[in-house]
Amino acid sequence: MTQSLVVGVDAGATSTRVAVHTLEGTRVGYARAGAGNPTAHGLGKALSALDEALGAALPPGGGPRVVASMAGVAGYADEVVPALAEVWAAHGIEGAPRFQGDVPIAYAAGSAEPDGSLLLSGTGAAAARIVGYELDLVADAMGWLLGDAGSGFWIGRRAAKALVDALDRGLPVATLFPYPPTHGTASIEPGTPAGLDAEGLLFRLVGQHFLGAERPATPRAAGARIVRLAQADHMRLAALSSLVSEAAAAGDPLAVKIAHEAADRLVATLRRVHVSGPVVLAGSVLTSAGPVREAVLDLLAGETVLTARDAAGAAAWLAARTVLADAEARSVHAAFTAAA
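Just so you know, these numbers come straight off a predicted model, no measurement behind them. (Residues numbered from 1 in each chain as written. Predicted model: local features only at pLDDT ≥ 70, side-chain atom pairs only at ≥ 80, totals over all residues. Heavy atoms only, no water.)

**Description of the overall build of the chain**
Turning to step 1, where the next piece is worked out: Broken down by element type, the chain carries 15 helices and ten strands.
Turning to step 2, where the next piece is worked out: Rg of the C-alpha trace for the chain: 22 Å, near the compact-globule value of 20 Å for 340 residues, within the 12% margin.
Turning to step 3, where the next piece is worked out: Along the longest, intermediate and shortest principal axes, the C-alpha atoms of the chain span 70 × 45 × 35 Å.
Turning to step 4, where the next piece is worked out: Counting across all 340 residues of the chain, residues that qualify as buried make up 49%.
Turning to step 5, where the next piece is worked out: For the chain, long-range pairs separated by at least 24 residues make up 68% of all intrachain contacts whose partners lie at least 6 apart in sequence.
Turning to step 6, where the next piece is worked out: Summed over its atoms, the accessible surface of the chain is roughly 14900 Å², and 55% of this surface lies on carbon and sulfur atoms. (Helix = DSSP H or I, 4+ residues; strand = E, 2+ residues; numbered from the N terminus. Rg over C-alpha atoms; globule rule 2.2 N^0.38 Å. Buried < 20%, exposed > 50% of the residue type's maximum accessible area, 1.4 Å probe, protein only. Contact = heavy atoms within 4.5 Å. Areas by Shrake-Rupley, 256 points an atom, 1.4 Å probe, with all protein chains shown as cover.)

Below, the structure written as structure tokens:
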């Protein structure tokens, strides 16, 4: 007997993922492609990524077997609807996908409960109340320049700002480079060589991240160089989040302070929207082991806290809910959202 299929799409600013499942939850196809955010990258590039991922994920002859599909597209724009319908038709799928925001899909990646909350910290940050699998209320998500407190960008900017301030006050450039640079890496092994301890590790990691093999002549020149590099590509600040985690894990006092401040900000944002139900953690800062996640879990002691898994699978599960009974849909949630 020919099995019916459902399709889920998770299209974001950095990548596009498509999951194809049977109604029983078995994954029969999964593919990744480039960025799928039409606002950030243009409609043409986004559609190309979606078309590529869908074509790679669908099993041979699978298009006509698709009975429901859900697309979570960051940077959603009205013109995506008819354009994506054409992509679906080109792959033999009858009917355009339903659209859902990426926030409810991220929540569904962690919980099958209809009501609860999402706390997200990746490059950006947000908290959301979910009611009946739909978005009810959002807090923060105001962007890297004026909002997103506790996000990877916020964390990285705090670290870079602290280093630039220290250099402006005369921190010797030599303290950022206590031994010759290793080939091909900016990271430093905490505690080595002898005499290096955790204090100051964050400055060394951030300094090498920006300056590499450069050795500016003065603290002022080093600080100015970091500022220029950050202004030219502000996303380099978000990349510092992992270095803050590394330094905090090693015991650097400043990194520990930044990590705990990030956790405080994130939980304060969550408290603005959370009423009841589970709290799903999403985004790389909160789904990866590290000091921010640990601090958030401590602050949420007493709550039911879950971790988001595969968002494309969650989108496919939300699509399947439209053709399955509620109890049946809940029973297959874990199969849909398992890591790809």
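**Structural notes on the sheet that holds strand 8 (residues 134-140)**
Turning to step 1, where the next piece is worked out: Strand order in the open sheet formed by five strands is 8-7-6-9-10, and the pairing between neighbours is mixed. The strands lining the two open edges of the sheet, one partner per strand, are strand 8 and strand 10 (305-307). Going across the sheet, the axis of each strand differs from the next one's by a mean of 25°, ignoring polarity.
Turning to step 2, where the next piece is worked out: Note: strand 7 (residues 125-131) against strand 8, six bridges, orientation antiparallel. Residue pairing across strands places I130 opposite L135, the latter belonging to strand 8. (Pairing = 2+ DSSP bridges. Axes fitted to C-alpha atoms, helices over the stretch in contact; angles between N-to-C directions.)

**Things to note about the environment of A315**
Turning to step 1, where the next piece is worked out: Assignment of secondary structure puts A315 in helix 13 (residues 311-320).
Turning to step 2, where the next piece is worked out: The class of A315 is buried, set by a relative accessible area of 0%.
Turning to step 3, where the next piece is worked out: Each C-alpha atom of the pair A315 and E79 lies 21 Å from the other, and the pair is 236 residues apart in sequence.
Turning to step 4, where the next piece is worked out: If sequence neighbours within four positions are ignored, A315 has contacts with V7, G8, V9, M70 and I105.

**Focus: the packing of aromatic side chains**
Turning to step 1, where the next piece is worked out: Applying the stated rule across the entire model yields two aromatic pairs.
Turning to step 2, where the next piece is worked out: In this structure, R215 is placed above the aromatic ring of F177, and the distance from its NZ or CZ to the ring centre is 3.7 Å. (Phe/Tyr/Trp six-rings, centres within 6.5 Å; stacked < 30°, edge-to-face > 60°. Lys NZ or Arg CZ within 6 Å of the ring centre and 35° of its normal.)

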